[in-house]
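Chain and residue survey
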Amino acid sequence: MPELPEVETTCRGISPHIIDKVISDVIVRHPQLRWPIPENLAELLIGHQFVNIQRRAKYLLLKTNTTETVIIHLGMSGNLRIVDNNQPAKKHDHVDFVFNDGTILRYNDTRRFGAILSTSKPIDQHKLISQLGPEPLSTDFTGKHLYTLASNKKIAVKTFIMNGHNVVGVGNIYASESLFMAGIHPTRQAGNISFERYEKLAESIKLVLQQAIDQGGTTLRDFVNEQGKPGYFQQSLAVYGRKDEPCLKCKSNIQQIKIAQRASYFCTNCQS
Ligand SMILES: [Zn+2]
């Protein structure tokens, strides 16, 4: 599943290929994603340009030179690629944004849990965006923010940091990794963690995500290489997926349990 680092890498990867180019066509081969693609999407976009692309949580926001902003979510299996107009569409290539120089931004999604929507409202007011917590890599996201929100909360800290109202983009892998880095046990009650430990946790979340984004930078060229794999990448992980393997800090065996139905990995010796 594409996580925040993959979405950030996609954002940086596609941006230079499509910004300020005139949109000459929008081809929708399969309109039924998580929600239907707006029927008038082509009408809204043809003749206009995307003037910038930003990421908010795992949404890509493609701002046009009109009031419209296209919102794209990659869901479970979506990816965006840059191809040229002599590349025939393959299975699951559901949408093409065609530009007047022959460049195509192509959306592929095997499982179709992704989304392509458009809004003319200020993007912060859109219902998918307005309730989101702070970006983990922004200065708004701090240990104090987490500590304040966690007050009296009895839920597991791992579930707490994966809730997008508290902070966005901390997926299952990055939650396990950042809790290991901070030395906090994933089942510890969110309201029972000191301010100092939340400072360490916020710092760890930033580090883990930034490292993944930095590693993703090496895959950027794949966005223009039809042979290359889409922008998902295997980063080096300290605990996630390492059940019964030795902890990188103390050599104890890494444990795996389920917390809120999600596989969670930790070291009982290093995390409390
Ligand atoms: Zn350990």
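Structure: see above.
Quick caveat, the model's predicted, so the values are computed rather than measured.

1. Focus on the nonpolar core
Counting 26 residues, the largest nonpolar core has Leu146, Ile161, Tyr198 and Leu201 as its most contacted members. Going through the elements one at a time, helix H3 (143–150), helix H4 (157–161), helix H5 (172–182) and helix H6 (195–216) are the ones with two or more residues in this core. The element best represented in this core is H6, accounting for eight residues. Among all residues touching Leu146, those that are not within four sequence positions of it are Phe141, Phe160, Ile161, Tyr198, Leu201 and Ala202. Counting residues in each nonpolar core, the second largest holds 25 residues, with Val7, Leu74, Ile82 and Leu105 among its members.

2. Observations concerning the pattern of salt bridges
For the structure shown, the criterion picks out ten salt bridges. Ionic pairing is found between Arg12 and Glu8, a salt bridge with its closest N-O pair at 2.8 Å. Here Glu8 and Arg12 lie together in helix H1 (residues 4–18), a separation of four residues that amounts to about one turn. Residue classification places Arg12 among the partly exposed residues on the basis of a relative accessible area of 45%. The residue Glu245 makes a salt bridge to Arg242 at a minimum N-O spacing of 3.2 Å.

3. Some words on the packing of H3 against H6
For the pair H3 and H6, interaxial distance at closest approach is 7 Å and the crossing angle is 125 degrees. When the axis of H3 is compared with that of H6, the two are oblique. Crossing geometry of H3 relative to H6 is assigned as right-handed. Residues Gly143, Lys144, Leu146, Tyr147 and Ala150 of H3 form the contact with H6, whose participating residues are Phe195, Tyr198, Glu199, Leu201 and Ala202.

4. Examining the sheet that holds strand E3 (residues 59–64)
With antiparallel pairing, four strands are arranged side by side in an open sheet as E2-E3-E4-E8. Taken across any chain shown, the strands that pair with only one partner, and hence form the sheet edges, are strand E2 (50–56) and strand E8 (115–119). Averaged over all pairs of adjacent strands, the angle between strand axes in this sheet comes to 20 degrees, irrespective of strand direction. The sheet contact formed by E3 and strand E4 (residues 69–73) spans five bridges and is antiparallel. Paired with Tyr59 across the strands is His73, a residue of E4. In this fold H1 packs onto E2 and E3, with an angle of close to 175 degrees to the strand it touches most, E2.

What counts and what doesn't
Residues numbered from 1 in each chain as written. Predicted model: local features only at pLDDT ≥ 70, side-chain atom pairs only at ≥ 80, totals over all residues. Heavy atoms only, no water. Core = buried A, V, L, I, M, F, W, Y, C linked by side-chain atoms within 4.5 Å. Buried < 20%, exposed > 50% of the residue type's maximum accessible area, 1.4 Å probe, protein only. Helix = DSSP H or I, 4+ residues; strand = E, 2+ residues; numbered from the N terminus. Contact = heavy atoms within 4.5 Å. Salt bridge = Lys/Arg side-chain N within 4 Å of Asp/Glu carboxyl O. Axes fitted to C-alpha atoms, helices over the stretch in contact; angles between N-to-C directions. Parallel < 35°, antiparallel > 145°, perpendicular 65-115°, else oblique. Left-handed = near helix turned anticlockwise from the far one by under 90°. Pairing = 2+ DSSP bridges.

Nothing here speaks to function; it is geometry throughout.
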